[in-house]
Amino acid sequence: MMNHNVMAPDLKSQINAVITAMLWISNSPVFPGAGIPEFMALLREFLGKSQKKLMMKRLKDGDGKGGAKVTSWIDSMRASSPPRVRPTIHDCDNSDLLRPSALNVFDQIIYKSRGKKIITFLDYDGTLSPIVADPEKAFMTEKMREAVKNIARHFPTAIVTGRCIDKVYNFVRLAELYYAGSHGMDIKGPTKTRNSKKGKRAVLFQPASQFLPTINEVEKILVEKTKSVPGAMVENNKFCLSVHFRCVEEKSWGALAEQVKSVLNDYPKLRLTQGRKVLEIRPNIKWDKGKALEFLLRSLGYAKSQDVFPIYIGDDRTDEDAFKVLRNRGQGIGILVSKVPRETEASYSLQDPSEVEQFLRRLVEYKRSRVNLTSVETCRL
Ligand SMILES: O=P(O)(O)OC[C@H]1O[C@H](O[C@H]2O[C@H](CO)[C@@H](O)[C@H](O)[C@H]2O)[C@H](O)[C@@H](O)[C@@H]1O
């Protein structure tokens, strides 16, 4: 009789190898992978939900809600800007983490969105602009600005970022967009009145406005505490603060993280979260990029609509909240921007901002071709 306990791990690694092979094929420009993601989804399900539970636990660890360990922050900080390696067919252990390239399966994404209104949500750093050492110099290219401008002509579009709105607006400079700054705690939309100053945006929601004095107070304390650490930098993002580790020597990361964490002892209403080589202090309220996405869908009139297809593109841990909302709603898709496979709630991937730009361009081309098709059909009638 077959002993399933003995067979299972072997079978699992064989299935993993098959998934990896399929993904490798689907990510290859030679074989754009029609049908493969669905097949992989079935296989993944077969591989068991326990691995997913473990993944979600790991994602939650280090979120600053009490049990967070400085060592786990440091570990994931090390991994947050990993070396530029493409996954290979031999990376069997990572097969559960691989996501099909949104460019290679573009037609499938369009098929999924048929008959629905596409809405695009775009993270900024690492998604629209490449990650750079100096946060003040995270410029997006003119080509990217053009791509975002065109996207916003065809679909409602929002920038969802950890940055404060003023700063991100100075980088993006597109008045027609919605902006959700400070990890969604500051939501503004384009003004509709004719007389409004160009670029002026209307406040839609600020769930953490009462925290403003505290955030400014903590900024001063953090600047004081971190000034002796070479390379450390505190950035005020209005309703949250970022402490940057990117230019700090790795041997000092532990001590710096302890210093940042210690500030919270006197501020129980604040909490710590983590991004790419950054620790962030923010109000301990139930609000994040996922809630901001839901808020914007409501504001745009799509609260209960089944006819909407949100596309959220982001690279950061904080974007996982939005990916999760879409997964739970069973609506639209999340696209992770990453060169390496990572634990994620997103369903697709793009490697870097240049692939994001290509994807946005293809969406616009698709929309324009639909408009042309419709006008030809109307003329024939
Ligand atoms: O939500 P996002 O738009 O991704 O913003 C998250 C943080 O982005 C910025 O920091 C990151 O990008 C910097 C510039 O490339 C890089 O130097 C840093 O290491 C990254 O963490 C921004 O400076 C932070 O305030 C945002 O919270």
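Residues numbered from 1 in each chain as written. Predicted model: local features only at pLDDT ≥ 70, side-chain atom pairs only at ≥ 80, totals over all residues. Heavy atoms only, no water.

(A) Focus on the packing of aromatic side chains. Scanning the model with the defined rule gives nine aromatic pairs in all. Here the aromatic residues Phe121, Tyr312 and Phe323 are joined through ring pairs into a cluster of three or more. The aromatic ring of tyrosine 111 is capped on one face by arginine 114, whose charged end is 3.9 Å from the ring centroid. (Phe/Tyr/Trp six-rings, centres within 6.5 Å; stacked < 30°, edge-to-face > 60°. Lys NZ or Arg CZ within 6 Å of the ring centre and 35° of its normal.)

(B) Local environment of the confidence of the model for the protein chain. Averaged over every residue, the pLDDT of the protein chain is 84; the share at 70 or more is 73%. Between residues 1-9, whose pLDDT stays under 50, and residues either more than four places distant or in other chains, the model counts one contact. Segment residues 88-92: pLDDT under 50, and nine contacts once partners within four positions in sequence are set aside and those in other chains are kept. Overall fold confidence (pTM) sits at 0.82, and the ipTM for the predicted complex is 0.99. (pLDDT = per-residue confidence, 0-100. Contact = heavy atoms within 4.5 Å.)

(C) Inspection of the site of the ligand at higher detail. The local shell around the ligand holds 22 residues, among which Val132, Glu235, Arg246, Arg276 and Glu280 are the closest. Between the ligand and the protein, one listed contact pairs an oxygen atom with a side-chain N or O atom of asparagine 237 at 2.8 Å. Within the contact set of the ligand, an oxygen atom lies 2.5 Å away from a side-chain nitrogen or oxygen of arginine 246. Notes on the ligand: free accessible area 570 Å², of which the protein chains cover 99%. When atoms are counted within 2 Å of each cavity's grid points, the one that captures over half of the ligand is the largest cavity. Mapped onto the shell around the ligand, the elements with two or more residues apiece are strand 7 (241-244) and strand 9 (278-283). Along the lines of polarity and charge, the residues of the shell around the ligand split into eight nonpolar, five polar and nine charged. (Near = heavy atom within 4 Å. Polar contact = N/O pair within 3.5 Å; in protein donor to acceptor, adjacent residues only side chain to side chain. Areas by Shrake-Rupley, 256 points an atom, 1.4 Å probe, with all protein chains shown as cover. 1 Å grid on protein atoms, 1.4 Å probe; cavity = no way out; pocket = protein on both sides within 12 Å on 5 of 7 lines; lining within 4 Å. Sits in = over half its atoms within 2 Å of the grid points. Helix = DSSP H or I, 4+ residues; strand = E, 2+ residues; numbered from the N terminus. Nonpolar A, V, L, I, M, F, W, Y, C, P; charged D, E, K, R; others polar.)

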